[in-house]
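The primary structure of each chain is shown beneath.
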Amino acid sequence: MSTERILVRGSPLQAGVIGAYLASRWLGPGRSLELAVGTEDKATGSFATRPSVHRFHAEMGLPIDQLFARCGGSPILAAETRTADGAAVQLPFSAFGVPRGGVEFHQYWLRASRLSQQADLTEFSLSLALQNAAHKPPLAQLEQLPVDFGIAFDRSAYGNALLSFAKAGGASVIEASSEQAQSASLVIQCSSDAQAPKWQGQELNIAQQSGISGLEWHALSSATRRFANLAAPLSDCVPEQAEWTRLALAQRERMADMQELLNIEDPLASTRPALQRKAEVFAACGRIPTEDYEVFTPPEWLAALWARGVRPRRSDRMAERLTDSQLLDWLDQLRGQIASLTRQVQAA
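Okay, so let's go over this structure. (Residues numbered from 1 in each chain as written. Predicted model: local features only at pLDDT ≥ 70, side-chain atom pairs only at ≥ 80, totals over all residues. Heavy atoms only, no water.)

**Overview of the packing of aromatic side chains**
Moving on, step 1. Counted under the stated rule, the structure contains ten aromatic pairs.
Moving on, step 2. Here the aromatic rings of Trp109 and Trp306 are separated by 5.2 Å at their centres, their planes lie at 80°, and the arrangement is edge-to-face. Placement of the pair is Trp109 in helix α4 (residues 105-115) and Trp306 in helix α11 (residues 298-307), with a sequence separation of 197 residues.
Moving on, step 3. Among the aromatic residues, those joined into a ring-pair cluster are Phe105, Tyr108, Phe124 and Trp330.
Moving on, step 4. Its end group placed over the ring of Trp301, Lys278 keeps NZ or CZ at 4.6 Å from the ring centre. (Phe/Tyr/Trp six-rings, centres within 6.5 Å; stacked < 30°, edge-to-face > 60°. Helix = DSSP H or I, 4+ residues; strand = E, 2+ residues; numbered from the N terminus. Lys NZ or Arg CZ within 6 Å of the ring centre and 35° of its normal.)

See the structure below:
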């Protein structure tokens, strides 16, 4: 029986993320996995993930709490980035306020802002309140709160931990200089973010992403999961290659939409169809159209549109069901609850 051999090229972190997942989800009889680890990452410090990190590690059977303690983990409740002019923007993973009667919270805020001066919408986000608090809540406590969160790890510690896990699962870690790509059934490597992701023949290129915290993680983890889910005999997988590439390109488009929204001079002047639709519909009525293969959550899109100055011309008529006094009292109570809960978490 011939052996399928995958060779992964990358930095310790890249090879670790890809190799750990493949060791647990792909490696088996008749298959071998080699990780050609290059020099240390040029980037240092923390490595941000997104909320999907929990599912990713659960699928590998690698408890996230162990990595949290071992790799200097810190919760992340919002992606962080900057606009072209350097302004800081936080994109919370969880909703602003709470919906009511099937209507999103920001629709009520819009109506209330026409009645009286209101605190900024960002002050009604528990995610942002916790993200910007002096002390992050412990992991066990955070898991009990109604928020989604990723984790920031020490980059070097996280990469080395995943490499160790991959080795324990049967992968071989080799020096990059000793690799033999010509004998591999498939070579997986990370290209620059200027290149498009592609799986063709014996090469699978994962395009790196930058500019928004957590995107590097998302590009690595989603590409690896997609490959494992589509994996067929590597000698006969042309349809799977085409599908992997199609999905990767679609995901890349959604990332590019967000990057343009944050950096274009006039968000309503974009020529990207999906972004143009999002901006125009939101500017009209406060709704956010979703696309297939979205990367960012609706609260992240809302925060980005808000940060770029896009405001709806009208609010949802269903937000009119509360009386003026009921609406204003509810917003005051909600803001107070967020502040109180944040203080409780800080005091724990």
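Alright, that's what it looks like, and here's the rest.
**Things to note about the sheet that holds strand β10 (residues 198-200)**
Moving on, step 1. Across the sheet, six strands lie side by side as β8-β2-β1-β9-β11-β10; this open sheet has mixed pairing. Whereas interior strands pair on both sides, the edge strands pair on one side only; in this sheet they are β8 (172-175) and β10. On average, each strand axis in the sheet is tilted by 20° relative to the strand beside it, whichever way the strands run.
Moving on, step 2. Taken together, the four bridges between strand β2 (residues 31-37) and β8 define a ladder with parallel strand orientation. Each residue of the ladder has a partner; that of Ala36, found in β8, is Ile174.
Moving on, step 3. Along the sheet face, helix α8 (residues 215-230) touches β1 (4-10), β9 (186-191), β10 and β11 (203-207) and points at about 150° away from the line of β11. (Pairing = 2+ DSSP bridges. Axes fitted to C-alpha atoms, helices over the stretch in contact; angles between N-to-C directions. Contact = heavy atoms within 4.5 Å.)

**Some words on the pairing of β11**
Moving on, step 1. Of all the five residues making up β11, four are buried; the element is thus mostly covered by neighbouring parts of the structure.
Moving on, step 2. Relative to β11, β9 is paired through five bridges, and the arrangement is parallel. Pairing of Ile188 across the sheet is with Leu204, part of β11.
Moving on, step 3. Alignment of β10 against β11, held across three bridges, turns out to be antiparallel. (Buried < 20%, exposed > 50% of the residue type's maximum accessible area, 1.4 Å probe, protein only.)

**Some points on the nonpolar core**
As a rule of thumb, soluble globular proteins bury nonpolar side chains together.
Moving on, step 1. Among the nonpolar cores identified, the biggest contains 102 residues, and Ile6, Tyr158 and Phe227 are the most heavily contacted of them.
Moving on, step 2. Setting aside residues no more than four positions away along its own chain, Tyr158 makes contact with Leu13, Val17, Phe47, Val53, His57, Leu67, Cys71, Phe153 and Trp217.
Moving on, step 3. Core analysis: the next-biggest nonpolar cluster, separate from the first, contains five residues, Leu7, Ala36, Ala184 and Val187 among them. (Core = buried A, V, L, I, M, F, W, Y, C linked by side-chain atoms within 4.5 Å.)

**Side note on the packing of α4 against helix α12 (residues 324-347)**
Moving on, step 1. At a minimum axis distance of 10 Å, the contact between α4 and α12 shows a crossing angle of 115°. Read as a crossing pair, α4 and α12 show a hand that is left-handed. Counted together, Phe105, Tyr108, Trp109, Arg111, Ala112 and Leu115 of α4 and Asp324, Leu327, Leu328, Trp330, Leu331 and Leu334 of α12 form the full contact between these two elements.
Moving on, step 2. Split by residue class, the contact of α4 with α12 holds ten nonpolar, no polar and two charged. (Left-handed = near helix turned anticlockwise from the far one by under 90°. Nonpolar A, V, L, I, M, F, W, Y, C, P; charged D, E, K, R; others polar.)

**Topic: the side chain of Ser315**
Moving on, step 1. Residue placement: Ser315 occurs in the loop between α11 and α12.
Moving on, step 2. Polar contacts involving the side chain of Ser315 include one to the side chain of Arg114, which spans 3.2 Å.
Moving on, step 3. Once you skip the residues sitting within four places of it in the chain, Ser315 turns out to touch Gln107, Leu110, Arg111, Arg114 and Glu320. (Polar contact = N/O pair within 3.5 Å; in protein donor to acceptor, adjacent residues only side chain to side chain.)

**What to know about the packing of α8 against helix α9 (residues 238-263)**
Moving on, step 1. Packing of α8 against α9 leaves a shortest axis separation of 10 Å and a crossing angle of 160°. Classified by the angle their axes make, α8 and α9 are roughly antiparallel. Considering how the two elements wind past one another, α8 and α9 form a crossing that is right-handed. Residues Leu215, His218, Ser222, Ala223, Arg226, Phe227 and Leu230 of α8 touch α9, and the partners they reach there are Glu240, Glu243, Trp244, Leu247, Ala248, Gln251, Met255 and Gln259.
Moving on, step 2. The residue inventory of the contact of α8 with α9, partitioned by class, reads eight nonpolar, four polar and three charged. (Parallel < 35°, antiparallel > 145°, perpendicular 65-115°, else oblique.)

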